[in-house]
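# Residue-level structural notes
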Amino acid sequence: MEVPQNIQHQLAQFQQMQQQAQAITMQKQSVDLQIRETEKALEELENVEDDAEVYKTAGNLLIKVPKPELTEELTEKLETLQLREKTVARQEERVMKRLQEMQETLQGAMQMQQPGMGN
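No experiment lies behind these values; they were computed from the predicted model shown. (Residues numbered from 1 in each chain as written. Predicted model: local features only at pLDDT ≥ 70, side-chain atom pairs only at ≥ 80, totals over all residues. Heavy atoms only, no water.)

What follows is about the overall build of the protein. A tally of regular secondary structure across the protein gives 2 helices and 2 strands. Moving toward the C terminus, one meets the helices and strands of the protein in the order α-β-β-α. Radius of gyration (C-alpha) of the protein: 24 Å, far over the 14 Å computed for a compact globule of 119 residues. Each principal axis of the C-alpha atoms in the protein carries an extent, and together these give about 80 × 25 × 15 Å. Burial analysis of the protein (119 residues in total) assigns 21% to the buried set. In the protein, the share of contacts with a sequence separation of at least 24, taken over all contacts with a separation of at least 6, comes to 69%. (Helix = DSSP H or I, 4+ residues; strand = E, 2+ residues; numbered from the N terminus. Rg over C-alpha atoms; globule rule 2.2 N^0.38 Å. Buried < 20%, exposed > 50% of the residue type's maximum accessible area, 1.4 Å probe, protein only. Contact = heavy atoms within 4.5 Å.)

See below:
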């Protein structure tokens, strides 16, 4: 049995949406990891004296910076990452909902194509 052109097109769109969902999931995992790393760094900074020598990475370099400056920088980074996490989570939710709708539409269309199954 040959699959009609419109169903083939819907299948191709569904596959593209699946790829998009995978990419968003990977982005979300990456942002989550960065959040955990930043939170851990801030936690470690809390355990260090205010006048202790602290360093940050800049490419292949370690640069000495005042603790309050680094704390502020990491706090801002954390806030930005948390906003990004919310944005990516909303994207993921929309894509997953759309995938579910597309899957239901495809299943219905495929059942209509099978003789005796659409009745």
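Right, let's get into the UniProt feature "coiled-coil region" (unreviewed entry) in the protein. Under the present numbering, the feature "coiled-coil region" (unreviewed entry) in UniProt falls on residues 28–58. Helix and strand shares over residues 28–58 are 61% and 16% respectively, and the end C-alpha atoms of the span are 24 Å apart. (UniProt positions renumbered as here; feature names shortened; annotations may be inferred.)

Let us look at the pairing of strand S1 (residues 54–58). The pairing of S1 with strand S2 (residues 61–65) spans 5 bridges and is antiparallel. Paired with lysine 56 across the strands is isoleucine 63, a residue of S2. In this antiparallel pair of consecutive strands, S1 and S2, the connection spans 2 residues, and glycine 59 shows a positive phi of 70°. (Pairing = 2+ DSSP bridges.)

Examined against the element boundaries, glutamine 27 turns out to sit in helix H1 (residues 5–46). Taking relative accessible area as the criterion, glutamine 27 reaches 34% and is therefore assigned partly exposed. C-alpha of glutamine 27 to C-alpha of glutamate 92: the two residues are 65 residues apart in sequence and 9.7 Å apart in space. When residues no more than four places from it in sequence are discounted, the contact partners of glutamine 27 are Arg84, Val88 and Gln91.

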